[in-house]
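# Examination of the molecular architecture
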Amino acid sequence: MSGEAGRPKFSGKFGMIMVAAGSAVGLGNLWRFPYLAHEHGGGLFLLVYIVLVVSFGFTLMITEMAIGRRTGKSCIGAVMELSKKHKWLGWLMILPPALVVPYYCVIGGWVTNYAFQYGTGSGAALTDPDYFETFITCSGDILNNPITWFVVFAVITFYIVSRGLEKGIEKSGKILMPLLLIIMAFLLIYTFTIPGVMGSVGEYLNFDYSKFSMDTVIDAAGQMFYSMSLAMGIMVTYGSYTNRDVHLESSVKQISILDTGVAMLAGLLIVPSVMALGGGVVNSGPGLMFETMPLVFGSIAFGDIIAFAFFALVFIAALTSSMSLMEVLVAAMSDHVGWSRAVARKRASFLALVLILIVGLPSCLGYGPLEAVQVAGMTILDFFDFASNTVILPLVAICTCLFISFVVGTDAIVEEVEINGRFKRKKMYLVMIKVVCPILLALILIFGVVDVFGIDIF
Ligand code: TRP
């Protein structure tokens, strides 16, 4: 069971960690995690989250990476190699990235616009409470139109992916991820010098037991799951590009630390500033990023520069995630269609770009001209988000756990991890993959669906 000859590989462990962490650190870390932590009792949520990352997240991530490295194939090929009969699971795995990457690029476009406006000195306009509304409803001119920025963002993603693993993805990861950490450190230091902000830090870290409930655990688990980029075939794909001399267990640890660290620091950056300067209401999603944060920037010294740094950070986080999402599709296509290696990447990335532009356009127009189009009571973008993240992701993960536990056998994973020494958390791993993970995932699935349709079960 070895990978085919000529398969691209990461040039080293550093590149692999940066790229995998780049896929994990994304919009989820920046605009959902801070809100959830604030909603669910601050420090207590952080604690629950960490426990889930080192148990549940660890198990799923190491499984995916081991599957990829062992077979040397991206998701469809990898599943087929382990069991031909279960090929459908590989196909199911590429469905969420295919649904997510188009709208991820739409949001990436919004971020690019904000970074551009602040970077070119037009930041004042963004503080206007109506700016975001005018922008996403496609009522602005060409430079203030979401379609323009959606195309720009998608083409940048395409450019990186089409240059190949080493020259495109790995090189970008090695430059962009350290840059992201530097900007983050700069913003944190600056934030703490703003009068009044330091006093609100306690609000974020405080253990508020009254906000703790079953929902806290389920929400933390769902967030962790999306944030660590699980069940979308990406960790399988990156595993297939990883050399045998890389220690998988320590790699997963490092990726988790980076992902969780950035999420927590984002909370530290956002929650206290919004409490002190943004009107005090910590919301999530577009409202937080594109309405509340500009208010904060509007009220501080050097606001435009800080805002530019902030949106550059969000841009990097979004770009390193979108390139990974696109890579799942490109890798699956190039492995499957009989193209030669020389042309496969270029053709596959071009097709992925076309898919993004066609499928993403309705999401892009969904707040303006297509506002009347609702699917199951949601805007088009929200529906894509719901279908993939709330329904398909947990399903794929449950199937992966059962597939490894009962079809392939956990020995295959353990053997792969032990290539480089002892599997330290083996006992925990075996219990998690066979019992705890499937149960927790089923709960995430049930609660997620129930929640969206407003059914109250407690
Ligand atoms: N982890 C990313 C975020 O936090 C989103 C994401 C989920 C993702 N699955 C992925 C990115 C797979 C790349 C590949 O925003």
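I will try to describe carefully the structure that is included in this document.

Definitions and limits used
- Residues numbered from 1 in each chain as written.
- Predicted model: local features only at pLDDT ≥ 70, side-chain atom pairs only at ≥ 80, totals over all residues.
- Heavy atoms only, no water.
- Helix = DSSP H or I, 4+ residues; strand = E, 2+ residues; numbered from the N terminus.
- Polar contact = N/O pair within 3.5 Å; in protein donor to acceptor, adjacent residues only side chain to side chain.
- 1 Å grid on protein atoms, 1.4 Å probe; cavity = no way out; pocket = protein on both sides within 12 Å on 5 of 7 lines; lining within 4 Å.
- Points joined across faces, edges and corners; volume = space filled by probe spheres on them.
- Nonpolar A, V, L, I, M, F, W, Y, C, P; charged D, E, K, R; others polar.
- Near = heavy atom within 4 Å.
- Areas by Shrake-Rupley, 256 points an atom, 1.4 Å probe, with all protein chains shown as cover.
- Sits in = over half its atoms within 2 Å of the grid points.

### Description of the side chain of R70
Relative to the elements of secondary structure, R70 occurs in helix α3 (residues 43-71). Only 3.5 Å separates the side chain of R70 from the backbone oxygen of A412, close enough to count as a polar contact.

### Digging into empty space enclosed by the protein
Tallying each qualifying case throughout the model produces 4 cavities of 30 Å³ or more. Its boundaries defined by the atoms lining it, the largest cavity holds a volume of some 180 Å³. If you go around the largest cavity, you meet 19 residues; those closest to its centre are S23, Y226, S229, S321 and L325. Ranked by the residues each element gives to the lining of the largest cavity, the list is headed by helix α15 (residues 303-336), at 4 residues. Here the residues of the lining of the largest cavity are counted per class, giving 11 nonpolar, 8 polar and no charged. Estimates place the volume of the second largest cavity at around 90 Å³. Lining the second largest cavity are L187, Y190, T191, I194, L269, S273, M293, V296, F297, I300, I306 and F310. For the lining of the second largest cavity, the secondary-structure elements that each account for two or more residues are α9 (165-193), α13 (248-277), α14 (285-298) and α15. Broken down by class, the residue content of the lining of the second largest cavity amounts to 10 nonpolar, 2 polar and no charged.

### Considerations on the site of the ligand
Taken together, 15 residues form the shell around the ligand, and within it A24, L27, G28, Y104 and Y226 come nearest. In this structure, S23 approaches the ligand through a main-chain N or O atom, which is 3.3 Å from a nitrogen atom. Between the ligand and N29, the relevant distance is 3.2 Å, taken from an oxygen atom to a side-chain nitrogen or oxygen of the residue. When the free accessible area of the ligand is taken as 360 Å², the share hidden by the protein chains comes to 100%. A majority-of-atoms criterion places the ligand in the largest cavity. When residues of the shell around the ligand are traced back to their parent elements, those giving at least two are α1 (13-24), α2 (27-39), α11 (214-227) and α15. For the shell around the ligand, a count of residues per class yields 7 nonpolar, 8 polar and no charged.

Everything listed is a geometric property; what it means functionally is a separate question.
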